[in-house]
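Spelled out, the chains give:
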Amino acid sequence: MPQPTAGELLGYPAAELTKRLRTEPLWRVHQADRETLTAALLRARTTGVPCRQMCRLRTREGQVLRVLLEAVWQARADGEQLFLTCVDMTREQETAEELRLRTQLCDLLLDRSYIVSLDYDPAADTAHVETYDAGGHRSTRRVERYLQALESSPSIHPEDRGRLITALRRAAARPGAGTLEYRGNYSGQGWRWYRASLVSLFDSKGNVYGLLGKAEDISDRRAAAQRFDELGVRFKKQARSALAAARLDLSADRILDSRSASRYLTGVLFGNSADACLRHIRDNIPDPDQQAEFDRRFRPIPLLEALSQGNAHHGFEHRFSLGEGKSVWVRSMLELAEDPESRHVEAFYCAVDISAQRQRAQLTEALALRDYDFILSVEAASGACRLLGGNAFLPPDATYRSLAARYIHGQAPGALRARIRRAVRLDTILAALEESPVYTFTCTLETEEGPRAKRLRCSWLDRADGTLLITLGDA
């Protein structure tokens, strides 16, 4: 069968088409394809190689055809002339596009999550539904009067059935693609979140004759996206008080954000890649052994390997240089998460000064070696306390007030007991610490071994957190 001429294909007389193309060569070419086609024609003119390019042409009636355009430049005495031929590939392209869509759907079905696929015929209101569980097991069913069946489907959450039906009707009414999220229960193990993707299949006149759909379980992905957002908020908050903080894209090896407490540390974080930033942090650790440990754990390759094994949280305490020969103890904290948009793995890193905490811990350990009745950390606001050392017995959920009352109860009634009671009250201690860093009270207490001189010593363990350090021992 002979191929139609360009005029017959586009619906124009040959003379009129030739006249228009001489003044406007891209007259009937789809607007979105003009730039690509122009570049291809210019390249053919420069290289002398014939041009073969797929593009869309609009007919006189407004129909869009997909054609294979072949162009050859030929030299003539009066200049160069362009010879064009075009072949209508609309039907072949539609068939290839449908095959591509079905292939993509099959590829997506290889995902590890629970997946539902749909092949829907709007005219017959019939659906071919396949479900794949995480193990790859498939179940198939054919559903007549599909939209009506959805109205009472036990697999779709009652609050989401109407939205799903509306989306299917919209996709069947005109060509296009769309997505929506809904709750489903295909496994009988409770409601899970699914994302449904719908694609219309249509003929050359734009009439929809079928729908392809895929719904995949995104519950874990939604939780991961929520965690990613929370990490971003927490990073901004932690970065305000951290010595150094960096947000890194490990997949693209890029530094997304960095903040520091000094110009020296800004130089430490500076680099042209995520790996360079982590190397510079490593090099800022003065201790060689700690440097080697940081290098073993906090570089892109070991971090990504750890994430693949389910380990997204990393912490390491080490010395950290502040420049000019000064260094402090820091806790390097790094959390990994996948960006739900780019699917890149990001690292949220912070180095927090823990020198004061370590000093308090060392102080507590040193005190614990001495012969105290008790060593307590006490929350100033609530009076809740924790036994850090000593010989006293502290029952669960004990408070400082109950512990003090136990000691006071063993004293003989009188002025001394009243004085002891006033001296060891929490409000008395807090008032005294407003005037002095340490509050002490010495008195004689009745013990099992007889009267003993005892000294109560109180100071702030962490004033910012409102925590007191209280000890009782021999005077």
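Structure: see above.
Below, the structure is looked at part by part.

1. Some details on the overall build of the protein
Now for step 1: The helix and strand tally for the protein stands at 15 helices and 19 strands.
Now for step 2: For 475 residues, the compact-globule formula gives about 23 Å, and the C-alpha radius of gyration of the protein, at 38 Å, lies well above that figure.
Now for step 3: The principal-axis extents of the C-alpha atoms in the protein amount to approximately 125 × 65 × 35 Å.
Now for step 4: Residue burial in the protein is summarised as follows: out of 475 residues, 40% are buried.
Now for step 5: Long-range pairs, those at least 24 residues apart, make up 40% of the contacts in the protein between residues at least 6 apart in sequence.
Now for step 6: Counting 67 positive and 64 negative side-chain charges, the protein places the centres of these two groups 4 Å from one another.

2. Structural notes on the packing of helix H9 (residues 274-283) against helix H10 (residues 288-297)
Now for step 1: The contact between H9 and H10 brings their axes to 9 Å, and the two run at 160 degrees. Relative to H10, H9 is oriented roughly antiparallel. Where H9 crosses over H10, the two elements pack in a sense that is right-handed. Every residue of H10 that contacts H9 at Leu278, Ile281, Arg282 and Asp283 is listed here: Gln291, Phe294 and Asp295.
Now for step 2: A class-by-class count of the residues in the contact of H9 with H10 yields 3 nonpolar, 1 polar and 3 charged.

3. Overview of the pairing of strand E19 (residues 467-474)
Now for step 1: For E19, a buried count of 7 out of 8 residues is recorded, marking the element as mostly surrounded by other parts of the structure.
Now for step 2: Pairing of strand E15 (residues 372-379) with E19 involves 7 bridges; the strand directions are antiparallel. When the sheet's bridge partners are listed, Tyr372 is paired in E19 with Gly473.
Now for step 3: Hairpin connection of strand E18 (residues 450-462) to E19: 4 residues between the antiparallel strands, including Gly466 at a positive phi of 70 degrees.

4. Some details on helix H7 (residues 219-241)
Now for step 1: The terminal C-alpha atoms of H7, which comprises 23 residues, lie 34 Å apart, in line with the 33 Å expected from a rise of 1.5 Å per residue.
Now for step 2: Residues of H7 that are buried: Ser219, Ala225, Phe228, Leu231, Gly232, Phe235 and Ala239.

5. A look at the sheet that holds strand E3 (residues 79-88)
Now for step 1: The 3 strands are arranged E1-E2-E3 in an open sheet whose pairing can be described as antiparallel. Bordering the open sheet on either side are strand E1 (51-58) and E3, each of which pairs with just one other strand. Neighbouring strand axes in the sheet, compared pairwise and without regard to direction, differ in orientation by 35 degrees on average.
Now for step 2: Sheet topology note: the strand E2 (residues 64-76)/E3 ladder contains 10 bridges and is antiparallel.

6. Remarks on the pattern of salt bridges
Now for step 1: Using the criterion set out here, one finds 29 salt bridges in the structure.
Now for step 2: Among the ionic pairs, Glu335 bridges to Arg234, the shortest N-O distance being 2.6 Å. Here Glu335, found in strand E13 (residues 326-338), pairs with Arg234, found in helix H7; they are 101 residues apart in sequence, far enough to count as distant.
Now for step 3: Take Glu335: its relative accessible area is 16%, and that puts it in the buried class.
Now for step 4: Residue Asp474 pairs with Lys454 through a salt bridge whose shortest N-O separation is 2.6 Å. In this pair, Asp474 sits in strand E19 while Lys454 sits in strand E18, placing the two residues 20 residues apart along the sequence.

7. A few points about the sheet that holds strand E5 (residues 126-132)
Now for step 1: One open sheet holds the 6 strands; their spatial order is E6-E5-E4-E9-E8-E7, and the pairing between them is antiparallel. Strand pairing shows two members of the sheet lacking a second neighbour, strand E6 (138-144) and strand E7 (177-184), which therefore form its edges. Neighbour-to-neighbour, the strand axes of the sheet open up by a mean angle of 20 degrees, direction not taken into account.
Now for step 2: Contacts from helix H6 (residues 161-173) reach strand E4 (115-121), E7, strand E8 (192-202) and strand E9 (208-217) within the one sheet, and its direction differs from that of E7 by about 160 degrees.
Now for step 3: Contacting E7, E8 and E9, H7 runs over the sheet at an angle of about 110 degrees to E8.

8. Topic: the nonpolar core
Now for step 1: Counting residues in hydrophobic clusters, the biggest one holds 28 residues, and the most contacted among them are Tyr400, Leu456 and Ile470.
Now for step 2: Elements supplying a minimum of two residues to this core: E15, helix H13 (400-409), helix H14 (415-423), helix H15 (426-433), strand E17 (438-447), E18 and E19.
Now for step 3: Among residues more than four places away in sequence, those in contact with Leu456 are Phe374, Tyr400, Val424, Ile429, Tyr439, Thr440, Phe441, Ile470, Thr471 and Leu472.
Now for step 4: Counting 27 residues, the second-largest nonpolar core is a separate cluster that includes Leu243, Leu265, Val345 and Tyr349.

9. Describing the packing of aromatic side chains
Now for step 1: Under the definition given, this model contains 9 aromatic pairs.
Now for step 2: For the pair Tyr120 and Tyr146, a centre-to-centre distance of 5.6 Å together with 50 degrees between the ring planes defines the contact as tilted. With Tyr120 in strand E4 and Tyr146 in helix H5 (residues 146-150), this residue pair connects regions lying 26 residues apart in the sequence. Grouping residues by exposure puts Tyr120 and Tyr146 together as buried.
Now for step 3: Their ring planes at 70 degrees and their centres at 5.7 Å tell us that Phe374 and Tyr407 sit as a pair that is edge-to-face. Linking Phe374 in strand E15 with Tyr407 in helix H13, this pair joins segments that are 33 residues apart in sequence.
Now for step 4: Taken together through their ring pairs, the aromatic side chains of Tyr182, Tyr186 and Tyr194 make up a single cluster.
Now for step 5: Over the face of the ring belonging to Trp73 we find Arg45, whose NZ or CZ atom lies 4.7 Å from the ring centre.
Now for step 6: When the ring centre of Trp193 is taken as reference, the NZ or CZ atom of Arg222 above it lies at 4.0 Å.

Procedures and definitions
Residues numbered from 1 in each chain as written. Predicted model: local features only at pLDDT ≥ 70, side-chain atom pairs only at ≥ 80, totals over all residues. Heavy atoms only, no water. Helix = DSSP H or I, 4+ residues; strand = E, 2+ residues; numbered from the N terminus. Rg over C-alpha atoms; globule rule 2.2 N^0.38 Å. Buried < 20%, exposed > 50% of the residue type's maximum accessible area, 1.4 Å probe, protein only. Contact = heavy atoms within 4.5 Å. Lys, Arg positive; Asp, Glu negative; His and termini not counted. Charge placed at Lys NZ, Arg CZ, Asp CG, Glu CD. Axes fitted to C-alpha atoms, helices over the stretch in contact; angles between N-to-C directions. Parallel < 35°, antiparallel > 145°, perpendicular 65-115°, else oblique. Left-handed = near helix turned anticlockwise from the far one by under 90°. Nonpolar A, V, L, I, M, F, W, Y, C, P; charged D, E, K, R; others polar. Pairing = 2+ DSSP bridges. Expected span 1.5 Å × (residues − 1). Salt bridge = Lys/Arg side-chain N within 4 Å of Asp/Glu carboxyl O. Core = buried A, V, L, I, M, F, W, Y, C linked by side-chain atoms within 4.5 Å. Phe/Tyr/Trp six-rings, centres within 6.5 Å; stacked < 30°, edge-to-face > 60°. Lys NZ or Arg CZ within 6 Å of the ring centre and 35° of its normal.

Honestly, it's all geometry; don't read function into it.
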